[in-house]
Amino acid sequence: MFRRASFPGFWLVLLAILLQPGHAQDFGRLYEDSVTITLSEPLTWVAVPKGSVNSPDALTAGGPRDFQPYTGTTVLPTSRDQDVWATFSLPPTESPQTWFIRLPGQALVRASLFSRGPQDEWLVQAAGESIAPAAWTLPTRVPSFELQTRRDRAQTYYLRFENNRPLTNRPMLLSPVEYINGASRVGVVIGLMWGMFSVLAALSIAAFVMARNRVFLWFGAVVVTLMFTQLVLIGYGSWRMWPDSAHLNQVMGWVSAGLSMAAGAWFCAHASYARSGHPHIFKLLVAVTAGSLLMAVMMAIRQDFIPRDMRNLWLGIATVTILGSLVWMSLRGQAWNLLLLLGTAPIALAALARIFYNAGWVMNIEAARAAGVLSAMVGLLWVFFVLAWRSRAALFSNHRIAALANYDPASGLMLPRVVENRLAQMLLRAHRRRSECGIMLLRWLDQAPSPDELNDHKRSVALSRIGEILRRSARDMDTVVRYEENLFLMLIEGPVNREAVSEVSTKILADCIRLSDKLDEPNAFNLHIAIWHGTPEHHTGQQIIDSLKTRLRRMSPGPRRYVQFVDPAGEPASVPAEEGLRREDLVAKINAIEVSHPTLHQDKPEPLA
């Protein structure tokens, strides 16, 4: 039988687990189940005064050093006054194996790897900000070194770290396959950054053009500045082209951060309408904007002009001021500002991605950075949708103005004034490409304006129904126009064959007949259709329209031939033998065509009766 543990014993065991010392963890891994090699000598490190040791021989010459084991919580105490040396050994293997040391996302002044050569000399591999990337041993984005095992004995390596601040990132020991995989992650994150932020910036510009609201411009400025800030944070070093040029990367980090804070404060000042509702908060946000711009300018002139602690303090104060202003205005009556506030939470999480990695909540820095990019994009997209929702009235108003200028309000079709330009362009394109296009002229029969208000209302409803049928039958590239009172014109872009044009007319007639049967008004939607199809040669668009009108005048009323083609020369085409086609025969023919052409019955209408 199990003994029941006492309550104090349980807490003692739990306290022992929490307070146990960190276990030795030689190198970080790309994945939790990554392939690794058991070191013959674990990774240990020691701090020495800067410049006092320049080689492993000098490190061991002065007697034994107090090397400390490298654990999962180790922070290498590099500074301007001291360097850190580390050593480890790879075990002998039956065949030589290649491994790589990778310092993920590490921005350090210099890292050097010492190994024994064939003549027992020390070979040095070096990388870091003080060396041009082209001169690195492995020309990669982050400092990386290649290791090789031996058959006869263990291979001992020494690492020297030189940096102005402590190093928190854990070096990784990777196999060649995982080394390539980890390096490719950087390109994925950078490509994701450029793509998503560029799309959002383009959406902001498009929204400004449509709504004529400057808030979208300020939001676009926030997107662009935040994009460059994230690029600097993830170590995008495309500007490191010469030795010591990493200074530009450091300067850009502070400059872009200041610009992002200034753009964010200015955007919040205008998006929240603080100028009219809360003038004191508006002045406070303007002061934050001016202060952030001043810090960015001063950092661009001289990096050490403002102490580092003061820069971090200002950025913290500015962030709290912006968020606090939104909270205050939300509590004082502008509740919709809470929607903007919700978008800032993922953006703040993106800024904390590096802290999450340092705390050990994320296995590798690349994953933390990718999560930061996605988190920032979620917040920015949320803010953009909030702005678009709030500006929907202005967007609809501008669309309404454009629609009234180009569309007929009764039918929903385009006005006749657009025909001249579009018809000429369509004929010119078809002539140059030697392709066939189509022009369809439709006459609405037995309909005329009536002084009777009831009849006029019925005619307006029928006109809107016909416009809906014509719009649904046309493709996106085609143009449908209410040409005259009872005439409709459809420009069918080429290349298109005669059968396709005939199917369009068949679909129009089928929808009109169905609607007539549904409303029990057999003469409400009678149409005559004249079609011109071919490759334009020397005749103009007006000549073609005149020939179509002539053909429509010659078409006798009644259920005889609803659709007739005009030959490309402009004369009426020959009339087939089945001149007297009854309504029942036409209905049967339309149903047969729709069954044989699935594209004509996407809406799955009921069969004609």
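Reference entry: report on the structure contained in this document. (Residues numbered from 1 in each chain as written. Predicted model: local features only at pLDDT ≥ 70, side-chain atom pairs only at ≥ 80, totals over all residues. Heavy atoms only, no water.)

Some remarks on the overall build of the chain
Along the backbone of the chain there are 17 helices and 14 strands. Here the chain holds 609 residues, and the buried ones make up 45% of them. For the chain, long-range pairs separated by at least 24 residues make up 73% of all intrachain contacts whose partners lie at least 6 apart in sequence. Summed over its atoms, the accessible surface of the chain is roughly 32,100 Å², and 61% of this surface lies on carbon and sulfur atoms. (Helix = DSSP H or I, 4+ residues; strand = E, 2+ residues; numbered from the N terminus. Buried < 20%, exposed > 50% of the residue type's maximum accessible area, 1.4 Å probe, protein only. Contact = heavy atoms within 4.5 Å. Areas by Shrake-Rupley, 256 points an atom, 1.4 Å probe, with all protein chains shown as cover.)

A look at the sheet that holds strand E9 (residues 172-174)
The 3 strands lie next to each other as E7-E4-E9, forming an open sheet whose pairing is antiparallel. Here the strands that pair on one side only, and so sit at the sheet edges, are strand E7 (144-148) and E9. The mean inter-strand angle of the sheet, taken between neighbouring strand axes irrespective of direction, is 25°. Bridging between strand E4 (residues 98-102) and E7 involves 5 bridges; their strand directions are antiparallel. Along E7, the bridge assignment pairs Arg 102 with Ser 144. (Pairing = 2+ DSSP bridges. Axes fitted to C-alpha atoms, helices over the stretch in contact; angles between N-to-C directions.)

Quick look at a nonpolar patch on the surface
A cluster of nonpolar side chains, Trp 194, Val 224 and Phe 228, forms an exposed patch at the surface whose accessible area comes to about 230 Å². Here Phe 228 shows up in helix H4 (residues 214-233). Residue class for Phe 228 comes out partly exposed when judged on its relative accessible area of 31%. (Patch = residues over 30% accessible without salt bridge, like charges linked within 9 Å, V, L, I, M, F, W, Y side chains within 5 Å. Salt bridge = Lys/Arg side-chain N within 4 Å of Asp/Glu carboxyl O.)

As for the packing of aromatic side chains
The full count for this structure, using the stated rule, is 8 aromatic pairs. Both rings, one in Phe 219 and one in Phe 267, keep their centres 5.6 Å apart while their planes meet at 50°; by these two values the pair is tilted. Of the two residues, Phe 219 sits in helix H4 while Phe 267 sits in helix H5 (residues 246-271), which places them 48 residues apart along the sequence. Grouping aromatic residues by their ring pairs yields a cluster made of Phe 216, Phe 219, Phe 267, Phe 384 and Phe 385. Against the face of Trp 254 rests Arg 311, its NZ or CZ located 4.8 Å from the ring centre. Cation over ring: Arg 498 sits above Phe 565, and NZ or CZ is 3.8 Å from the ring centre. (Phe/Tyr/Trp six-rings, centres within 6.5 Å; stacked < 30°, edge-to-face > 60°. Lys NZ or Arg CZ within 6 Å of the ring centre and 35° of its normal.)

Brief notes about helix H7 (residues 279-301)
Counted at 1.5 Å a residue, the expected span for H7 with its 23 residues is 33 Å, and the 33 Å between its end C-alpha atoms agrees. Where H7 is concerned, the buried positions are Ile 281, Phe 282, Leu 285, Val 288, Thr 289, Gly 291, Ser 292, Met 295, Ala 296, Met 298 and Met 299. (Expected span 1.5 Å × (residues − 1).)

Some points on empty space enclosed by the protein
A complete count under the given rule lists 4 cavities of 30 Å³ or more for this structure. Size it by volume and the second largest cavity reaches roughly 50 Å³. Along the walls of the second largest cavity sit Met 426, Arg 429, Ala 430, Arg 433, Ser 435, Glu 493, Gly 494 and Pro 495, which together make up its complete lining. Residues of the lining of the second largest cavity, tallied by class, amount to 3 nonpolar, 2 polar and 3 charged. (1 Å grid on protein atoms, 1.4 Å probe; cavity = no way out; pocket = protein on both sides within 12 Å on 5 of 7 lines; lining within 4 Å. Points joined across faces, edges and corners; volume = space filled by probe spheres on them. Nonpolar A, V, L, I, M, F, W, Y, C, P; charged D, E, K, R; others polar.)

Digging into the side chain of Ser 115
The residue Ser 115 is located in strand E5 (residues 110-116) in this model. On the basis of relative accessible area, Ser 115 is assigned to the buried category, the value being 9%. Beyond its immediate sequence surroundings of up to four residues, Ser 115 is in contact with Glu 121, Trp 122, Leu 123, Gln 155, Thr 156 and Tyr 157.

Topic: the pattern of salt bridges
Under the definition given, this model contains 16 salt bridges. In this structure, Asp 83 engages Arg 160 in a salt bridge whose closest nitrogen and oxygen atoms are separated by 3.2 Å. Of this pair, Asp 83 sits in strand E3 (residues 82-90) while Arg 160 sits in strand E8 (residues 155-162), and the two are 77 residues apart along the sequence. Residue Asp 83 shares its accessibility class with Arg 160, and that shared class is buried. What you see here is one network of salt bridges that share partners, running through Glu 468, Arg 472, Lys 507, Asp 511 and Arg 514.

Re the environment of Leu 442
Tracing the backbone through its elements, the reader meets Leu 442 in strand E10 (residues 437-444). Residue class for Leu 442 comes out buried when judged on its relative accessible area of 1%. For the pair formed by Leu 442 and Asn 486, sequence separation is 44 residues and the distance between their alpha carbons is 8.2 Å. With sequence-adjacent residues up to four places away left out, Leu 442 is seen in contact with Leu 470, Asn 486, Leu 487, Phe 488, Ile 508, Leu 527, His 528 and Ile 529.

Notes on the packing of helix H13 (residues 419-433) against helix H16 (residues 541-554)
Orientation of H13 relative to H16, taken along the N-to-C sense of each, is 105°, at an axis distance of 9 Å. Taken together, the axes of H13 and H16 lie roughly perpendicular to each other. Residues Val 419, Leu 423 and Leu 427 of H13 form the contact with H16, whose own contacting residues are Gly 541, Ile 544 and Ile 545. For the contact of H13 with H16, the per-class residue count stands at 5 nonpolar, 1 polar and no charged. (Parallel < 35°, antiparallel > 145°, perpendicular 65-115°, else oblique.)

Points about the sheet that holds strand E1 (residues 41-49)
One open sheet accounts for 6 strands, arranged E2-E1-E3-E8-E5-E6; its pairing is antiparallel. Each end of this open sheet is capped by a strand with a single partner; those strands are strand E2 (68-69) and strand E6 (122-127).

Examining the pairing of E6
Where E5 and E6 come together, 6 bridges link them in antiparallel fashion. Paired with Arg 116 across the bridge in E6 is Trp 122. Connecting E5 to the next strand, E6, in antiparallel fashion are 5 residues, including Asp 120 with a positive phi near 65°.

Don't take any of this as a statement about function, it's just geometry.
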